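# Examination of the molecular architecture
These are the residues of each chain, in order.
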Amino acid sequence: MTQSLPHKSVHPWLAACLHFLFDKALSAPQRLALAQAIENPLQAFGPEAPVGSGIAPSVWQRWLEPSEPVATAIASARQWLTGDPTQHHPRCVLTFWDAAYPLGLRQLPRPPWMLLIEGQLPSATQPALAIVGSRPATQAGLRRAREFAFAMAERGWLIVSGMALGIDAAAHTGAIHAQSPTLAVLGCGIAHTYPKEHTNLRQRILQTGGAIVSEYPPDTPPHPRFFPARNRLIAGWSAGTLVVEAAIRSGSLLTAQFAYDLGRAVMGIPGSID
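The following paragraphs examine the structure supplied in this document. (Residues numbered from 1 in each chain as written. Predicted model: local features only at pLDDT ≥ 70, side-chain atom pairs only at ≥ 80, totals over all residues. Heavy atoms only, no water.)

Looking now at the packing of helix H6 (residues 139-154) against helix H7 (residues 167-177). Each pair of packed helices gets described by two things: the angle between the helix axes and the distance between those axes. The N-to-C vectors of H6 and H7 enclose an angle of 40 degrees; their axes lie 7 Å apart at closest approach. Handedness of the H6/H7 crossing: right-handed. Contacts between H6 and H7 involve Gly141, Leu142, Ala145, Arg146, Ala149, Phe150 and Ala153 from the first element and Ile167, Ala170, Ala171, Thr173, Gly174, Ala175 and His177 from the second. Residue composition of the contact of H6 with H7, grouped by class: 9 nonpolar, 4 polar and 1 charged. (Axes fitted to C-alpha atoms, helices over the stretch in contact; angles between N-to-C directions. Helix = DSSP H or I, 4+ residues; strand = E, 2+ residues; numbered from the N terminus. Left-handed = near helix turned anticlockwise from the far one by under 90°. Contact = heavy atoms within 4.5 Å. Nonpolar A, V, L, I, M, F, W, Y, C, P; charged D, E, K, R; others polar.)

As structure tokens, then:
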């Protein structure tokens, strides 16, 4: 299990990670090169670009300029980390530079710089299976998603999905029925539950030892552009992706594409297997 850092030491790390998230002075490949050239995010703000980052001095100076959205985001994140005294689930931040950061996410072209986590983050060595699919799924599809999730969870696999309506919810529910943790990756800030109908599902995920994860500041509302980004995390976290009843143009097939590009197993239940 990852450890929650003391809040007084989280602050500068959060600020640094949020700078990676918001600042546009560096391209995505440059930010990845910078992240790989340092041991912690605080090393990304020296007077000169770190050796191995390949960043020109003029670009580095633009990178060092303050980023306005960070101040608001850091206040939101600190408030969320402090938490509601009535809530009983742990909250922590996992960054790209932490030893517990999942290896599969490091292999993404655009890895998340930080993950805000509510609940119990599973061991990085636990095998994970993503189960995604149609929101307006058939009853047969929902049943199969629950059955496959239940069977794999009983065998020690972590079920990963996006807490969406339809197949996602069925997958989480199957793991819950197996009394096993399941991981829900959000396309919004972790202070939000999306869709709102899944407030109860979220609580059941947490009560079963699972976790809710987001790469965005806590108060970030859902937005269409966040869901493709969310899907890359679902695929990156998992050894394989099972797609159930997905439409030709859908986020589920985008998740499958991410998994394929990473060299992971891609499986499908396009219709009834009866």
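Moving on, we get to the sheet that holds strand E6 (residues 211-214). Sheets are built from strands paired through backbone hydrogen bonds, the pairs being either parallel or antiparallel. With mixed pairing, 8 strands are arranged side by side in an open sheet as E1-E2-E6-E5-E4-E3-E7-E8. The open sheet has two free edges, formed respectively by strand E1 (91-95) and strand E8 (265-269), since each of these has just one partner strand. Across the sheet, the mean angle separating the axes of adjacent strands is 25 degrees when strand polarity is ignored. Of the pairings in the sheet, the one linking strand E7 (residues 240-244) to E8 comprises 5 bridges and is parallel in character. When the bridges of E8 are listed, Thr241 appears paired with Val266. The sheet contacts of H7 involve strand E3 (128-133), strand E4 (158-161), strand E5 (182-185) and E7, and relative to E3 the element is tilted by about 140 degrees. (Pairing = 2+ DSSP bridges.)

Relative to the 16 Å expected for 12 residues at 1.5 Å per residue, helix H9 (residues 226-237) spans 17 Å between its end C-alpha atoms, a close match to the ideal helical length. Most of H9 is tucked away, with 11 of its 12 residues classed as buried. Here H9 has its buried residues at Phe226, Phe227, Ala229, Arg230, Asn231, Arg232, Leu233, Ile234, Ala235, Gly236 and Trp237. (Expected span 1.5 Å × (residues − 1). Buried < 20%, exposed > 50% of the residue type's maximum accessible area, 1.4 Å probe, protein only.)

Turning to the pairing of E3, a few remarks are in order. Counting buried positions along E3 yields 6 of 6 residues, so the element is predominantly enclosed. On E3, burial covers both faces: Ala128, Ala130 and Val132 on one face and Leu129, Ile131 and Gly133 on the other are all buried. One ladder, built from 3 bridges, connects E3 with E4; its direction is parallel. In the strand pairing of E4, Ala130 is matched with Val160. Considered for its hand, the β-α-β crossover made up of E3, H6 and E4 is right-handed. (Right-handed = clockwise from strand over helix to strand, strands pointing away.)

With that settled, consider helix H4 (residues 68-82). Of the positions making up H4, those classed as buried are Val70, Ala73, Ile74, Ser76, Ala77, Trp80 and Leu81. With its buried residues spanning 170 degrees around the axis, H4 presents them on a single face. Opposite the buried face of H4, at more than 90 degrees from it, the exposed residues are Glu68, Ala71, Thr72, Gln79 and Thr82. (Arc of directions from axis to C-beta.)

What follows concerns the layout of surface pockets. Estimates place the volume of the largest pocket at around 480 Å³. Along its surface, the largest pocket is lined by 19 residues, and Leu21, Lys24, Arg110, Glu215 and Tyr216 are the ones closest to its centre. Taken together, the residues of the lining of the largest pocket break down into 12 nonpolar, 1 polar and 6 charged. Taken together, 17 residues form the lining of the second largest pocket, with Gly133, Arg135, Ser250, Gly251 and Ser252 sitting closest to its centre. Mapped onto the lining of the second largest pocket, the elements with two or more residues apiece are E3, H9 and helix H10 (251-261). Among the residues forming the lining of the second largest pocket, the class breakdown is 7 nonpolar, 7 polar and 3 charged. (1 Å grid on protein atoms, 1.4 Å probe; cavity = no way out; pocket = protein on both sides within 12 Å on 5 of 7 lines; lining within 4 Å. Points joined across faces, edges and corners; volume = space filled by probe spheres on them.)

Looking now at the pattern of salt bridges. Under the definition given, this model contains 6 salt bridges. The residue Arg91 makes a salt bridge to Glu118 at a minimum N-O spacing of 4.0 Å. With Arg91 in strand E1 and Glu118 in strand E2 (residues 114-119), this residue pair connects regions lying 27 residues apart in the sequence. Grouping residues by exposure puts Arg91 and Glu118 together as buried. Members of the salt-bridge network, linked through shared partners, are Arg143, Arg144, Glu147 and Asp274. (Salt bridge = Lys/Arg side-chain N within 4 Å of Asp/Glu carboxyl O.)

Structurally, Asp98 can be placed in the loop between E1 and helix H5 (103-106). Buried Asp98, no salt bridge; nearest opposite-charge side chain is Arg106, N-O distance 7.5 Å. A distance of 2.7 Å separates a polar atom in the side chain of Asp98 from the backbone nitrogen of Thr95. Among all residues touching Asp98, those that are not within four sequence positions of it are Trp13, Val93 and Arg106. (Lys, Arg positive; Asp, Glu negative; His and termini not counted. Polar contact = N/O pair within 3.5 Å; in protein donor to acceptor, adjacent residues only side chain to side chain.)

On to the environment of Thr220, then. Relative to the helices and strands, Thr220 is located in the loop between E6 and H9. For Thr220 and Ile190, which are 30 residues apart along the polypeptide, the C-alpha to C-alpha distance reads 7.9 Å. Dropping the residues within four chain positions of it, Thr220 is found in contact with Cys188, Gly189, His192 and Phe226.

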